[in-house]
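Each chain, letter by letter, is given below.
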Amino acid sequence: MASQHGALDGLLGMKETVFDVAIIGYGPAGATLANLLGQYGLSTIVIEKDAEIYDLPRAIHFDGEVMRVLATAGLRAAVETIARPGLTGMHFNNAQGETLLIRGGTNARGPHGCATNHYFHQPELEAVLRQGIQRFECVQVQTQHEVTMIEESDDCVRLSVQNHQTNSSSIVQARYVVGCDGTRSLVRKVLGSKMTDLGLHQPWLVFDVLLKADVPSLPDHTVQHCDPVRPMTYCNVTGKRRRWEIMLMPNDDPTELVKPESLWQLVKPWVQPDQADIERAVIYTFHSIIAQGWRRDRLLIAGDAAHQTPPFLGQGMCAGIRDAANLAWKLDAVLSGRSSDELLNTYESERSPHVHAFIDLAVRLGDIIQTTDPQEARERDAKFKAGKPTIFEFPAPRLGPGVWLGEAAPVGQIFPQPELADGRLLDQAIGLCFAVIGKKELLEQVSGETRQRWKHHSVAMLFATDPQILNWLETHHVSAVLLRPDRYIAGVARSSSELEEISLCLPLLAEPVH
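In this convention, every chain numbers its residues from 1, walking through the sequence in written order. The model is predicted, so local features are restricted to residues of pLDDT at least 70 and side-chain atom pairs to those at 80 or more, both for listing and for counting; the totals for chains, interfaces and linings are taken over all residues. The side-chain values count all of the structure's non-hydrogen atoms but skip hydrogen atoms and water molecules.

Regarding the overall build of the chain
Helices and strands together make up the secondary structure of the chain, namely 15 helices and 24 strands. The globule rule used here is 2.2 Å times the number of residues to the 0.38 power, and the radius of gyration it is set against is calculated over C-alpha atoms. Here the C-alpha radius of gyration of the chain, 24 Å, is about what a compact globule of 514 residues would show, namely 24 Å. Each of the three principal axes of the chain carries a C-alpha extent, and together these read 75 × 60 × 40 Å. By residue count, 56% of the 514 residues in the chain fall in the buried class. Residues are treated as being in contact if the distance between any of their heavy atoms lies within 4.5 Å. Look at the contacts in the chain between residues 6 or more apart in sequence, and 72% of them connect residues 24 or more apart. What sets the accessible areas is the Shrake-Rupley method with a 1.4 Å probe; for residues, cover comes only from the shown protein chains. Carbon and sulfur atoms form 51% of the exposed surface of the chain, whose accessible area is close to 21,200 Å². Positive and negative side-chain charges in the chain, numbering 48 and 62 respectively, have mean positions lying 2 Å apart. Only runs of H or I of at least four residues qualify as helices and only runs of E of at least two qualify as strands under DSSP, and these elements are numbered from the N terminus. Burial classification: accessible surface area is computed with a 1.4 Å probe over protein chains only, and a residue below 20% of its type maximum counts as buried, one above 50% as exposed, and the rest as partly exposed. Only four residue types enter the charge count: Lys and Arg as positive, Asp and Glu as negative, with His and the chain ends excluded. Every charge is mapped to an atom, namely NZ of Lys, CZ of Arg, CG of Asp or CD of Glu.

What follows is the structure, encoded as structure tokens:
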């Protein structure tokens, strides 16, 4: 079992102890990264200033790709006990209640081998993630400890750590440090990363309640009330939990708005005070910001330290977990000696454009929701009502430049996860490594040199015999695909010579050892 709170007093300050990775921050991004690094067997320390999990609601949604990452971390079954699949997506309704736009959703198996949307209570998810870390002796956690200073050297990073229980100071050393330390990130400050403002800064009231009994009039799906008088969002979270997000208008007094009498008046059309208890009411300013500079030498940032996404697409936490998935296998490749640390330069180059695409879409959806001019709202409604409500699914943006070869999609996008003939999902069959999937006759034609390259990089080989995989190959007019450990497509091939060529992207990890 992993050493947990208070168990590192003998290690902190020992100069000879150098962890592979130190993670600053124990929220969803940091805890997911720690679970993934634990699976790779990397010595990892997580440092968190707070004593316990923050017990009030925050994030409430993640998508199918994130469930796939959590499954890769070995936590799908545990997560499914505290999360529910979204049933019918998200409806964008005008002031008259007419549906203008629908973000699709289903609890059936989607492209990632699970439902496309999930709702959850963040403290419960964080508890699952922290319980998962106890599987790994190589991962150690220190809560009630705060990093106060970061000192870089050629071979490691030295962290000055303040113990809030004893008020003593100590030193932690690590070969790499990942700042998952939120919007006020110390690591980002040390990096000196500039912030790019993508233009959205709008205060909203977030109001969480626990129903005392069923309220049949409340829908089972999320509704964006695109009412110019008062834009709102309603969310069915889990169990008795419900949330309203309410846009602040110019004449609102924030101190008055969070008072119970004001809150109940705002949600009067849907729920009454005798039907629910207030759990939380707080005003947030929704931002759209992305950092420039996610890595310098041995320092990296992830999650909210690197980007902030408006909540209109439910992608804020998702982006941080995608960061963890992208970074974990690259840190393993570097720390295991299979790669030079130049591989880590592809972390920001790949993830930043991907995050940017989701932020852009969230901002565009925000523009629809936050329309407050009556004439503009009428024009918006007329445009959408020209036909049936548009249904859109989550996008699958391509990664930015990095560890992949190809001019167009699907290269650089995530590969779907079918169920194989033996009942396993694809990710279970290929494990945590690169994988080449293709028609048997083509895979058997590659050269001995390519086979050695695959062997050096522990590339799993899977013959394409399952109908869903064969259909995917035929749809994209290819015969083989090379997948990365994070399930993104490194390349596709129509012939053995093309398969040889895309396998050359593996030297971005390291030249084979002779």
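Things to note about the confidence of the model for the chain
Per-residue confidence for the chain gives a mean pLDDT of 93, with 96% of residues at or over 70. Low pLDDT (under 50) marks residues 1-14, which in the prediction has 39 contacts with non-local residues, meaning those over four places away or in another chain. In the model, residues 510-514 has pLDDT below 50 throughout and makes nine contacts with residues more than four positions away in sequence or in other chains. Looking at any residue, its pLDDT shows the predictor's confidence there, from 0 to 100.

Considerations on the pairing of strand β5 (residues 90-94)
Within β5, five of the five residues are buried, which leaves the element mostly enclosed by the surrounding structure. Residues Met-90, Phe-92 and Asn-94 of β5 are buried on one face, and the alternating residues His-91 and Asn-93, pointing to the opposite face, are buried as well. When DSSP locates at least two bridges between a pair of strands, those strands are taken to pair. The pairing of β5 with strand β6 (residues 99-103) spans four bridges and is antiparallel. Looking at β6, one finds that Met-90 is bridged to Arg-103.

Description of the packing of helix α8 (residues 316-335) against helix α9 (residues 345-369)
Closest axis-to-axis distance for the α8/α9 pair is 11 Å, and the angle between their directions is 160 degrees. As the angle between them shows, α8 and α9 are arranged roughly antiparallel. For the pair α8 and α9, the crossing hand works out as right-handed. For the pair α8 and α9, the contacting residues are Ala-319, Arg-322, Asp-323, Asn-326, Leu-327 and Lys-330 in the first and Thr-346, Tyr-347, Glu-350, Arg-351, His-354, Val-355 and Phe-358 in the second. Amino acid classes used here: Ala, Val, Leu, Ile, Met, Phe, Trp, Tyr, Cys and Pro are nonpolar; Asp, Glu, Lys and Arg are charged; the rest, including Gly, are polar. Split by residue class, the contact of α8 with α9 holds five nonpolar, three polar and five charged. Here an axis means a line fitted to C-alpha atoms, over the contact stretch when the element is a helix, while the angle between two N-to-C directions is reported on a 0 to 180 degree scale. Note that the term roughly parallel is reserved for angles under 35 degrees, roughly antiparallel for angles over 145, roughly perpendicular for angles of 65 to 115, and oblique for everything else. For any pair of crossing helices, the crossing counts as left-handed if the nearer helix is rotated counterclockwise from the farther one by less than a right angle, and right-handed if it is rotated clockwise.

Describing the environment of Gln-173
Tracing the backbone through its elements, the reader meets Gln-173 in strand β11 (residues 169-179). In sequence terms Gln-173 and Leu-159 are 14 residues apart; their C-alpha atoms lie 6.2 Å from each other.

A look at the nonpolar core
With 113 residues, the main nonpolar core has Phe-62, Val-79, Leu-159, Val-178, Leu-331, Leu-365 and Leu-499 as its most contacted residues. With 13 residues, the single largest contributor to this core is α8. Setting aside anything within four residues of it in sequence, one finds Leu-331 in contact with Val-21, Leu-37, Leu-42, Tyr-176, Val-178 and Leu-344. We define the nonpolar core as a collection of buried residues of types Ala, Val, Leu, Ile, Met, Phe, Trp, Tyr and Cys that are connected through side-chain atoms lying within 4.5 Å of one another.

Section: the pattern of salt bridges
What makes a salt bridge here is a side-chain nitrogen of Lys or Arg within 4 Å of a carboxyl oxygen of Asp or Glu, nothing more. Within this structure, the stated rule accounts for 30 salt bridges. A salt bridge links Glu-126 to Arg-130; the nearest nitrogen and oxygen atoms lie 3.8 Å apart. With Glu-126 and Arg-130 both in helix α4 (residues 122-133) and four residues apart, this pair spans about one turn of that helix. Residue Glu-126 shares its accessibility class with Arg-130, and that shared class is buried. A single salt-bridge network, built from bridges that share partners, covers Asp-208, Arg-243, Glu-245 and Arg-280.

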